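A look at the structure
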Amino acid sequence: AGIINFGYTWELSDEQVERALAVNLEGTWRTDKYAAIYMRKQGYGRIINIASLQSSRAFPNGLPYGASKGGIAQLTRGMAEAWSRPGTGITANAIAPGFFKTQLTAPLFDKPEVVEALARQTTMNRVGFAEDIQGLTMFLASPASGYITGQVIHIDGGWTAI
């Protein structure tokens, strides 16, 4: 779940900013908190949060979204520090996607020139597809990732590499 309000900060109402922070950051916190209670009882769990390219790269017309996703990155690291202790069996990591077509980004993907411009920002010269996230998600959910915690892993076609 996530919402974004495209616009410069001075164009957005306080309510729009508060809602973005509440849905994106507070919603993640609450979901993880209650999941972790159950995970501790069973002695095992994998928290996989969805951050964003904007967790580590600022965009001028999406500051509330970027701030909330940056918060998710830090929240994930904090959860790993607090919850990935011996005996819990819990790990906490985040996936930080670049530009993928989702309900949230559909308006961008309706404009071929925008998609082409976004693709040019990557080393792979394309935007992401749902399949690009599946492998990492399955890995992070599996026992094979048992020694990985507190990481924010970008799936962005190399955008953050350049």
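Residues numbered from 1 in each chain as written. Predicted model: local features only at pLDDT ≥ 70, side-chain atom pairs only at ≥ 80, totals over all residues. Heavy atoms only, no water.

The next thing to look at is the pattern of salt bridges. Under the definition given, this model contains 3 salt bridges. Notably, a salt bridge pairs Glu26 with Arg30, separated by 2.6 Å at the nearest N-O pair. Pair noted here: Glu26 and Arg30 are both in helix H1 (residues 14–42), with a separation of 4 residues, about one helical turn. The class of Glu26 is partly exposed, set by a relative accessible area of 34%. Linking Glu81 and Arg85 is a salt bridge whose minimum nitrogen-to-oxygen distance equals 2.5 Å. (Salt bridge = Lys/Arg side-chain N within 4 Å of Asp/Glu carboxyl O. Helix = DSSP H or I, 4+ residues; strand = E, 2+ residues; numbered from the N terminus. Buried < 20%, exposed > 50% of the residue type's maximum accessible area, 1.4 Å probe, protein only.)

Turning our eyes to something else, we now look at the sheet that holds strand S3 (residues 152–155). Across the sheet, 3 strands lie side by side as S1-S2-S3; this open sheet has parallel pairing. Bordering the open sheet on either side are strand S1 (45–50) and S3, each of which pairs with just one other strand. Direction aside, neighbouring strands of the sheet carry axes that sit 25 degrees apart on average. With 6 bridges joining them, S1 and strand S2 (residues 90–97) adopt parallel strand pairing. Considered in S2, the bridge of Asn49 is made with Ala94. Taken strand by strand, helix H5 (residues 131–141) contacts S1, S2 and S3, and its axis lies near 170 degrees from that of S2. (Pairing = 2+ DSSP bridges. Axes fitted to C-alpha atoms, helices over the stretch in contact; angles between N-to-C directions. Contact = heavy atoms within 4.5 Å.)

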